[in-house]
Amino acid sequence: MSSSDIFIGETIGTAILILLGGGVCAAVTLKASKARNAGWVAIALGWGFAVMTAAYISTPLSGAHLNPAVTVGIAIKDGDWGNVPTYFAGQMLGAMIGAVLVWVAYYGQFQAHLTDREIVGGPGAQDTTAKAVEAQEKGAGPVLGVFSTGPEIRHVVQNLATEIIGTFVLLLAILTQGLNGEGDGLGVLGVLITAFVVVSIGLSLGGPTGYAINPVRDLGPRIVHALLPLPNKGGSDWSYAWIPVVGPLIGGAIAGGVYNLAFA
């Protein structure tokens, strides 16, 4: 794979991943969405199918890493770090593009949600779940969850550990049964396996933090949230933002080391 193929494949694939994954979060969260309040199972399934779709699209070009933690885990497994910066660049750009596309696709719903007094407050507004979450998350705005993750209980050690554990499970599954013949990305069957693993992680381990398990999945859309002209959007919760970046990278690195010790 050439550097240009890797960059293009990761940009397109990660954009599709965030478009569909962020899209299900928007569908469940925003007013005037037909899927509003569909619940956590819908989100977990939506992200699993997002991974599957994005990986099948990008595998021929880049091997479908779509996640810096995956790139780090594979680099530790193979000892080849030459293309890591190219993977990271494509993944970050793709994540930001995907977040912008979510905003475009749900533009009217964002406007309706963020101008509703029951959501954002104002004269005559009543307390709502969205306002309670906003207060709990210390500056997180009422639609930040469409773009990035946040903890239900703020506890740095627990939040970090949750992201490390979830990403470790993902990477170990990829490294042991999901690589293609060249060993540099997901194989055809590995894409499907990984999609089910993502659903499993979401259902089993997603409750505490929203399971970023992917640094750019969280950071790219969080930056877009900060930049978009959304009315009454509130803060982007930058005090938490390092956890879904550092945790997955640690989890991916540990999984790569465990693979080399136990499976290689």
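Peer 1: Just to check I follow, could you spell out the overall build of the protein for this structure?
Peer 2: Along its length, the protein carries twelve helices and zero strands. Mapped in sequence order, the helices and strands of the protein form the string α-α-α-α-α-α-α-α-α-α-α-α. Per-residue burial for the protein yields a buried fraction of 51% across its 264 residues. The long-range share in the protein, meaning contacts at least 24 apart out of those at least 6 apart in sequence, stands at 77%. When the accessible area of the protein is evaluated, it comes to approximately 10,900 Å², of which 66% is carbon and sulfur surface.

Peer 1: Help me out: how do you make sense of the confidence of the model for the protein in this one?
Peer 2: Interpretation of the predicted coordinates at a detailed level should be avoided for regions scoring low in pLDDT. Here the protein averages 92 in pLDDT, and 90% of its residues register 70 or above. In the predicted structure, residues 124–130 sits below a pLDDT of 50 and forms six contacts with residues beyond four places in sequence or in another chain. Low pLDDT (under 50) marks residues 132–136, which in the prediction has six contacts with non-local residues, meaning those over four places away or in another chain.

Peer 1: When you look at the nonpolar core in this model, what are you seeing that I'm missing?
Peer 2: The tendency in soluble globular proteins is for nonpolar side chains to be buried side by side. Core analysis: the biggest nonpolar cluster contains 48 residues, and Trp47, Phe110 and Phe147 have the highest contact counts within it. Excluding residues within four positions of it along the chain, tryptophan 47 makes contact with Leu17, Ile18, Gly21, Gly22, Val24, Cys25, Val198, Tyr211 and Arg217.

Peer 1: How do you make sense of the side chain of serine 33 when you look at a structure like this?
Peer 2: By the element assignment, serine 33 lies in the loop between α1 (3–29) and α2 (40–62). Residue serine 33 is classed as buried on the basis of its relative accessible area, which comes to 13%. Serine 33 has contacts with Ala26, Ala27, Tyr106 and Gln109, leaving out every residue within four places of it along the chain.

Peer 1: Sorry, what's going on with the pattern of salt bridges here?
Peer 2: Pairing of side chains with opposite charge becomes possible as their charged atoms draw close. All chains considered together, the criterion is met by four salt bridges. Notably, a salt bridge pairs arginine 154 with aspartate 237, separated by 2.5 Å at the nearest N-O pair. With arginine 154 in the loop between α8 (144–147) and α9 (156–177) and aspartate 237 in the loop between α11 (215–227) and α12 (243–262), this pair connects stretches of sequence that are 83 residues apart. With a closest N to O distance of 2.7 Å, aspartate 218 and arginine 222 form a salt bridge. Of this pair, aspartate 218 and arginine 222 both sit in helix α11, four residues apart, roughly one helical turn. Here the two residues aspartate 218 and arginine 222 agree in accessibility, since each one is buried.

Peer 1: Help me understand α11, please; the structure alone is not making it clear to me.
Peer 2: Each turn of an α-helix holds 3.6 residues, which means side chains three or four residues apart point in the same direction. Taking 1.5 Å of rise per residue, 13 residues should cover 18 Å, and α11 covers 18 Å from first to last C-alpha, within 8% of that figure. When we look at burial in α11, the residues that qualify are Pro215, Val216, Arg217, Asp218, Gly220, Pro221, Arg222, Val224 and His225. In this structure, the buried side of α11 is in contact with α1, α2, α3 (68–78), α4 (84–105), α8 and α12. If you check the start of α11, you find a side-chain oxygen 3.2 Å away from the backbone N of valine 216, and it comes from asparagine 214.

Basis of the calculations
- Residues numbered from 1 in each chain as written.
- Predicted model: local features only at pLDDT ≥ 70, side-chain atom pairs only at ≥ 80, totals over all residues.
- Heavy atoms only, no water.
- Helix = DSSP H or I, 4+ residues; strand = E, 2+ residues; numbered from the N terminus.
- Buried < 20%, exposed > 50% of the residue type's maximum accessible area, 1.4 Å probe, protein only.
- Contact = heavy atoms within 4.5 Å.
- Areas by Shrake-Rupley, 256 points an atom, 1.4 Å probe, with all protein chains shown as cover.
- pLDDT = per-residue confidence, 0-100.
- Core = buried A, V, L, I, M, F, W, Y, C linked by side-chain atoms within 4.5 Å.
- Salt bridge = Lys/Arg side-chain N within 4 Å of Asp/Glu carboxyl O.
- Expected span 1.5 Å × (residues − 1).
- Polar contact = N/O pair within 3.5 Å; in protein donor to acceptor, adjacent residues only side chain to side chain.

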